[in-house]
Amino acid sequence: MSISADSTELRTAPDAPRVRDRADLRRQVKLVVLFAIAAVILLLFALSIDEPTVRYSLSDVYDPSQNHDANGRAVVWVTFALAAAAMLGSLLNVIPKGWPTALVSVVVGLGFYVGLTFWYFADQPGDLASSFVVTNPLPQAVNYATPLVLGALAGVLCERAGVINIAIEAQLLAGAFFASVASSMAFSSAAGLLGGILAGVAFAALLGVFALKYQVNQVVLGVVLIALALGLTDFLLGQIPSSGENKDLNQLLSAPVTMEKVPLGALADIPILGSALFNQTVLVYIMYVSVILVWFLLYHTTWGLRVRAVGEHPKAADTVGIRVNRVRWSAVLLGGVFAGLGGVFFTVGSTGAFTNNASNGAGFMALAAVIMGRWHPVGATCAALFFGLMLTTQDQFGVMTKFPTELLGAAPYLATLIAVAGVIGRVRPPAADGEPYVKG
């Protein structure tokens, strides 16, 4: 190995032994193991199918006229071939790091989902074969992913600024409750949006006060805020009289106006994707715009540059005149806006009335999406969409009993664990994440 005198170019002698990066070796081993497990499971699925006919529909609603038959065994064999090819590519180390690895992982993951679905719906008795139909899961996946994406955007903004936000769950929960109350009182879903935003910002302000002003441990603070949100929403819900006790007051406080789907013209008629992307509620369209907005703010504005600077090296940012805690405050409060919007989904954006623990752990999945997306708004969105797809398995598979119901309920969380530990592995958060800054 030599260094030229007139430049800093580093050259390696032709006969020098190639030194393999240990991190790259670990990445290769993990990919081989992960793809091998997927291939073996899909192989077992393919070999276990006796009656391969599976009825499917590209529509997301039940319509017998749009049902088609497919050979489930052939579909599973194709997905097995994909997983086996990915395993072989990993074994030979021909899959480069970065986006090619991510792309191959996504393809294998989707293939596994398809193979699992067709295996699950195969082997139905003749009289029931026409009753169980595989429908298009994408519309429901986008729907489920909406609060996860908005919560993840809140997490990205906070953590890029150096503030750990474990309290996304609390912001979602508070946003859900106050969106329901505001919508009920104003007889307007738009008022519900405003109520959710204000609740999300209020909890963001609590996070900012204790994390930035009083420098409380941010992980402990997040857990405390979640407990506070759970207790507060349960208490306030208990104060609303039932319809038997006071019908008028019950209607005034717990009968929100829910959002209707708004199809976007011809876009909604695009096969498969149209109904998933362009026949949704206003909240879903706000989610699309939010992803673009956060990405633009973080990477194409001076404010975004300052946010990233105070999250990586606050002292250096301070020396060039950036007011570190003021920038962190702005990021935390803006994150509260998105988390509050995410909470709106659980009431005004879907079911209507608020129930205890309505968010049901979605904030933790949003936090996992932040890490899986490497603290990037687009990456976190892709991870949240993946989790949304996993959540649809409970709806798709719940009509049958091939899996125990308890295992179906745990499937999204198992998939989260496998994705974060198996595919993502070790990632580097912003250098000053969780570190309070005191001007010296």
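Bear in mind the structure is a predicted one, so any value in this text is a computation, not a measurement. (Residues numbered from 1 in each chain as written. Predicted model: local features only at pLDDT ≥ 70, side-chain atom pairs only at ≥ 80, totals over all residues. Heavy atoms only, no water.)

> Could you clarify how one ought to interpret unusual backbone geometry in this entry?
Comment: phi is negative for the bulk of residues other than glycine, and the bulk of peptide bonds are trans. Its identity is not glycine, yet F187 carries a phi of approximately 55°, on the positive side. Here F187 shows up in the loop between helix 5 (168-186) and helix 6 (189-213). Its relative accessible area of 60% is what places F187 among the exposed residues. Look at N357: it is not a glycine, yet its phi comes out positive at around 50°. With respect to the element layout, N357 can be found in the loop between helix 13 (324-344) and helix 14 (362-372). (Helix = DSSP H or I, 4+ residues; strand = E, 2+ residues; numbered from the N terminus. Buried < 20%, exposed > 50% of the residue type's maximum accessible area, 1.4 Å probe, protein only.)

> In this structure, what is going on with the packing of helix 4 (residues 138-160) against helix 13? I would like to understand it.
Geometrically, a packed helix pair is captured by the angle between its two axes and the distance between the axes. At their nearest, the axes of helix 4 and helix 13 sit 8 Å apart, and the two run at 170° to each other. The angle between helix 4 and helix 13 places the two elements in the roughly antiparallel class. Across the interface between the two elements, P147, L150, L153, A154, L157 and C158 of helix 4 pack against A331, V332, L334, G335, F338, A339, L341 and G342 of helix 13. Along the lines of polarity and charge, the residues of the contact of helix 4 with helix 13 split into 12 nonpolar, 2 polar and no charged. (Axes fitted to C-alpha atoms, helices over the stretch in contact; angles between N-to-C directions. Parallel < 35°, antiparallel > 145°, perpendicular 65-115°, else oblique. Contact = heavy atoms within 4.5 Å. Nonpolar A, V, L, I, M, F, W, Y, C, P; charged D, E, K, R; others polar.)

> Just to check I follow, could you spell out the environment of A176 for this structure?
For A176, the position within the fold is in helix 5. Dropping the residues within four chain positions of it, A176 is found in contact with G343, V344, F346, T347 and F354.

> Where do I start with the side chain of S183 in this structure?
With respect to the helices, strands and loops of the structure, S183 is situated in helix 5. According to the relative accessible area criterion, S183 is buried, its value standing at 0%. Each residue touching S183, except ones within four places of it in the same chain, is listed here: S188, S189, A191, G192, P256, V257 and V348.

> What am I meant to see in the sheet that holds strand 3 (residues 53-57) here?
In any sheet, the strands associate via hydrogen bonds between backbone groups, in a parallel or an antiparallel arrangement. Judged by pairing direction, the sheet is mixed, and its 3 strands sit side by side in the order 4-3-5 without closing on themselves. Each edge of the open sheet carries a strand with a single partner, namely strand 4 (67-71) and strand 5 (133-134). Sheet analysis places strand 3 next to strand 4, joined by 5 bridges and oriented antiparallel. When the sheet's bridge partners are listed, V54 is paired in strand 4 with A70. (Pairing = 2+ DSSP bridges.)

> I'm lost on the confidence of the model for the protein chain in this one. Help?
Averaged over every residue, the pLDDT of the protein chain is 86; the share at 70 or more is 89%. Predicted confidence is poor over residues 1-10, with pLDDT under 50, and the contacts of this stretch with residues over four places away or in other chains come to 11 contacts. (pLDDT = per-residue confidence, 0-100.)

> Would you explain the layout of surface pockets in this entry?
Rolled over the atoms, a probe as big as a water molecule pinpoints where empty space is left. Size it by volume and the second largest pocket reaches roughly 420 Å³. For the second largest pocket, the lining is made up of 21 residues, of which Y144, F346, A358, S359 and N360 are closest to its centre. Going through the elements one at a time, helix 4, helix 14 and helix 15 (377-397) are the ones with two or more residues in the lining of the second largest pocket. Per-element accounting of the lining of the second largest pocket gives the leading share, 5 residues, to helix 4. Partitioned by chemical class, the residues of the lining of the second largest pocket number 11 nonpolar, 9 polar and 1 charged. (1 Å grid on protein atoms, 1.4 Å probe; cavity = no way out; pocket = protein on both sides within 12 Å on 5 of 7 lines; lining within 4 Å. Points joined across faces, edges and corners; volume = space filled by probe spheres on them.)

> Can you help me understand a nonpolar patch on the surface in this one?
A contiguous nonpolar surface patch, about 600 Å² in accessible area, is contributed by L58, V262, L264, L267, I270, I272, L273 and V282. Locating V282 in the fold gives a position in helix 10 (residues 282-300). On the accessibility criterion, V282 (39% relative accessible area) is partly exposed. (Patch = residues over 30% accessible without salt bridge, like charges linked within 9 Å, V, L, I, M, F, W, Y side chains within 5 Å. Areas by Shrake-Rupley, 256 points an atom, 1.4 Å probe, with all protein chains shown as cover. Salt bridge = Lys/Arg side-chain N within 4 Å of Asp/Glu carboxyl O.)

> Could you clarify how one ought to interpret helix 14 in this entry?
An α-helix turns once per 3.6 residues; consequently, residues spaced three or four apart project the same way. Burial runs high along helix 14: 9 of the 11 residues are buried. For helix 14, the full list of buried residues reads A362, G363, M365, A366, L367, A368, A369, V370 and M372. Of the residues one or two after helix 14, R374 is the one with positive phi, at around 55°.

> Please clarify how the pairing of strand 3 should be interpreted in this entry.
A regular strand places its side chains on the two faces of the sheet in alternate fashion. In the sheet, strand 3 pairs with strand 5 via 2 bridges, with the strands oriented parallel. By the bridge assignment for strand 5, R55 is matched with V133.

> How do you make sense of the packing of helix 4 against helix 10 when you look at a structure like this?
Contact pair helix 4 / helix 10: the axes reach a minimum separation of 10 Å and the direction vectors enclose 25°. By the angle between their axes, helix 4 is roughly parallel relative to helix 10. Here the hand of the crossing between helix 4 and helix 10 comes out left-handed. Between helix 4 and helix 10, the contacting residues are V142, N143, T146, V149, L150, L153, V156, L157 and R160 on the first element and L283, V284, M287, Y288, S290, V291, V294, L298 and Y299 on the second. (Left-handed = near helix turned anticlockwise from the far one by under 90°.)

> How should the pattern of salt bridges be read in this particular structure?
Where side chains of opposite charge bring their charged atoms close, a pairing between them can arise. Applying the stated criterion to the full structure yields 2 salt bridges. Residues D69 and R55 are paired through a salt bridge, measuring 3.0 Å at the closest nitrogen-oxygen approach. Pair noted here: D69 is in strand 4 and R55 is in strand 3, with a separation of 14 residues, a long-range link. For R55, a relative accessible area of 26% corresponds to the partly exposed category. Linking E312 and R428 is a salt bridge whose minimum nitrogen-to-oxygen distance equals 3.5 Å. With E312 in helix 11 (residues 302-312) and R428 in the segment after helix 16 (405-424), this residue pair connects regions lying 116 residues apart in the sequence. The class of R428 is exposed, set by a relative accessible area of 57%.

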